[in-house]
Structures are given as C-alpha cells and as structure tokens.
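As a plain string of letters, each chain reads:
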Amino acid sequence: MKVTEHLNRADKTLLSFEILPPLKGKSIQNIYSVLDPLVEFKPAFINVTYHRSEYIYKKRGDERFDKVFIRKRPGTVGICAAVQFKYHIDSVAHIICGGFTKEETEDALIDLSYLGIDNVLLLRGDASKNERDFIPEPGGHSHAVDLVRQVVDMNRGKYLEEDSIQGYKTDFNIGVAGYPEKHFESPNLKSDLKHLKEKIDAGADYIVTQMFFDNQQFFAFVDRCRAEGITVPIIPGIKSITAASQIHSIPRTFHVDIPEALIDTIEKCTTAEAVKKAGVAWCIEQSRELVKAGVPCIHYYTMGNVDAMRSILTEVF
Ligand code: FAD
C-alpha cells in the first residue's frame, strides 16, 4: 500500500522507521536484529536509506595511486524487498541524485517496480565527502525536483530516450524531504520553501522532515508550508539522543539546533546510561505532543537504537 493511502486511512497517528543498510560485508541479519524487536509496534512503513559511493585513493605497488570508488552501504533495493517479503510491511526506498546517472536511476526504479515496491523518497543527497559542494554526476540530476519529474514521467509511461513510446506506467508514491530549520544551503526559509513547493508542484505526494528536537520548529514549519500553498501531508521525523557526543555531532551533520533545556539535561548526566535515559525521555515528550497535535505519522530515525526505540514506542503507542 502507498504511504499516502496509509495516512488517509488512519484514524490515529501512525509510526514509521528509517533504517540504514548494513556496512558492506555484513549480513542482512543486521537489519533483522533491528527490526525483529520493533515490528510488534506495527510501523505503517519502513524507509531504507541510500548511500552514494565515495572515492578513495589506494596506493599501488609502484608508489602511484588508483582512484577507487567504494559504496560502504550497498543494498537498499534488496533490503526493501526483504522487508516486504519477511514482515509484510511496506518499504520505502530512498533514491538519490548524487552519484547516479538518469539511466542508472531509471534501472533502479524499474527493479523496484518489478519487486512491488511502489514507495520512494526522492532526495538530492549530500556533497561527496571529498567535495565542498554537491556536484551532480555527469548525466545525473542536480536537484531532487528533477528526480521527482523523472519518476512522474515513468508513472505516465514515459521513459528516458523513448519520448514517443508509451511504456508501462509505474505507480510510485513519492515522498520528498523538508527542513523545519531550513536546508543549510538555502539563504533563508522562504527560498527553501519555494523549492519545496516546486517538488510538490512537480508531483510529490508528501513530505518527511529532517529531524528536529523542538516541536515548535515543526509546528511553525507546517504553518509556513500551508501559507505557501503546500497542502500535502507533512510527516515529522525525530530521533532520540543516545550518546553525549551527539549534542555536537548532530548539529554538525544535520544542521539542526538542540534546545538549551536538552543540552542542560544531557550535560548534567554522569553516565552513558543516564544520557540515554534523558534522550529517550525527551523523545517521548516530543512524540506525545506530536500525537496530541494530530500529526499523521511520526517517522523515527532509528539508527539501530533498538532499546531506546522500544522504550519510546512502549510509552507513546
Ligand atoms: P533538494 O530538494 O534538491 O534541495 C537541496 C538544496 O537546493 C536546498 O537548499 C534547496 O532549497 C535548494 N534547491 C532545491 N531545488 C532547487 C533549484 N531548482 N534551484 C536552486 N536551488 C534549489 N541523503 C542521502 O544521501 N541518502 C538518504 O537516504 C537520505 N535520506 C534522507 C531522508 C530525509 C527525510 C531527509 C530530510 C534527508 C535525507 N538525506 C539523505 C539527506 C539529503 O540528501 C540532504 O539533506 C541533501 O543535502 C538535500 O536533499 P534534498 O532532497 O532536500 O535536496
């Protein structure tokens, strides 16, 4: 079933998870050991992230270097299929522009369609670790909106290089990313919302937000979206802090603020266990307030934290 069908049919707040493919060389069991203890909470859908390949320089015997591409976390399409097969829960495949040509993207979408995976979250991706700015692959897309247009074309039966041929119409439900605290490259929220609206106008069906730790940021974002004429469902994405180091790494990586009250609480903790407890307590309060506000679904960035997730879900759902 499509994400928006889940949202339309629900009479209460749903929940969903986001998981990362395991590092290359690990087995699918790594996914099952995260999901087995969580599926009893009946997630409406499970997202699987996509990771671009990075290049490294490998020393050769003759003192020269080879530029080698490695993808540390392959397997998104396979994991989506495994999730649907094993748990009978809809999966959402993330598809990114970075590192892919349009043809490679089309092939991946055809695989997903054949596997019965009709939910995609379309993203630009971040700059490669070796680059300062995002550089599209030659023959690839520059922005998520271009990816939305490609998928919408396929949903109309239009494939690349085949303008005149009516192909099979795929049936993808399309999610895109939104940023309550604005995307870090955007000069201001208004400009970011203009581009968010372009993704919706191009055919995206719903929005999932970047993580935030202050619900007021989310509520204000939803109000701004509605004022700009964005009417699709907006799913809040949240995460529990599980280690003291995250109060520095999360803002650096995701460009979001952590409220003073949460920082104060974490800094007073004297053990790792106390930090985890404080993070869980904050996430429970955030979740409860979001449920009370009637959000359609809460999307949890699980990041493999099974125990923390179980504690939160037991209290909230
Ligand atoms: P875009 O919508 O393309 O926006 C990027 C920037 O460009 C914004 O500042 C926007 O305002 C601006 N912009 C947009 N369109 C235009 C235009 N036409 N002209 C000029 N400027 C424009 N990354 C991964 O690599 N893999 C994942 O699986 C993944 N999952 C994610 C899931 C969620 C829910 C979120 C919120 C993020 C995820 N990311 C993932 C990170 C994401 O790829 C980055 O945040 C990336 O920097 C931006 O992606 P986007 O799709 O929002 O890009």
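In case you missed it, the structure is sitting above this.
The model shown is predicted, which means the values in this text are computed figures rather than measured ones. (Residues numbered from 1 in each chain as written. Predicted model: local features only at pLDDT ≥ 70, side-chain atom pairs only at ≥ 80, totals over all residues. Heavy atoms only, no water.)

Comments concerning the site of the ligand
Here is step 1: Close to the ligand lie 23 residues, the nearest being Tyr50, Asp126, Tyr179, Asp192 and Lys199.
Here is step 2: Between an oxygen atom of the ligand and a side-chain N or O atom of Tyr179, the distance comes to 2.7 Å.
Here is step 3: Between the ligand and the protein, one listed contact pairs a nitrogen atom with a side-chain N or O atom of His195 at 3.3 Å.
Here is step 4: Bound to the protein, the ligand loses 85% of the 970 Å² it would expose on its own. (Near = heavy atom within 4 Å. Polar contact = N/O pair within 3.5 Å; in protein donor to acceptor, adjacent residues only side chain to side chain. Areas by Shrake-Rupley, 256 points an atom, 1.4 Å probe, with all protein chains shown as cover.)

So, the environment of Lys67
Here is step 1: Note on placement: Lys67 falls in strand β4 (residues 65–70).
Here is step 2: Taking the C-alpha atoms as reference points, Lys67 and Ile56, separated by 11 residues in sequence, lie 5.8 Å from one another.
Here is step 3: Filtering out sequence-adjacent residues up to four positions away, Lys67 remains in contact with Tyr55, Ile56 and Tyr57. (Helix = DSSP H or I, 4+ residues; strand = E, 2+ residues; numbered from the N terminus. Contact = heavy atoms within 4.5 Å.)

Thoughts on the pairing of strand β5 (residues 90–96)
Here is step 1: Most of β5 sits inside the fold, with 7 of its 7 residues counted as buried.
Here is step 2: Of the pairings in the sheet, the one linking strand β2 (residues 45–48) to β5 comprises 4 bridges and is parallel in character. Each residue of the ladder has a partner; that of Asn47, found in β5, is Val92.
Here is step 3: Both β5 and strand β6 (residues 119–123) contribute to a ladder of 4 bridges, which runs parallel. Looking at the pairing, Ile95 lines up with Leu122 of β6. (Buried < 20%, exposed > 50% of the residue type's maximum accessible area, 1.4 Å probe, protein only. Pairing = 2+ DSSP bridges.)

Looking at the packing of helix α9 (residues 260–268) against helix α10 (residues 272–292)
Here is step 1: Packing of α9 against α10 leaves a shortest axis separation of 9 Å and a crossing angle of 155 degrees. With respect to α10, the element α9 is oriented roughly antiparallel. The chirality of how α9 crosses α10 is right-handed. Judged by residue contacts, Ala261, Leu262, Thr265 and Ile266 of α9 engage Val275, Ala278, Gly279 and Trp282 from α10.
Here is step 2: Looking at the contact of α9 with α10 residue by residue, the class counts come to 6 nonpolar, 2 polar and no charged. (Axes fitted to C-alpha atoms, helices over the stretch in contact; angles between N-to-C directions. Parallel < 35°, antiparallel > 145°, perpendicular 65-115°, else oblique. Left-handed = near helix turned anticlockwise from the far one by under 90°. Nonpolar A, V, L, I, M, F, W, Y, C, P; charged D, E, K, R; others polar.)

The quantities given are spatial measurements derived from coordinates; they are silent on function.
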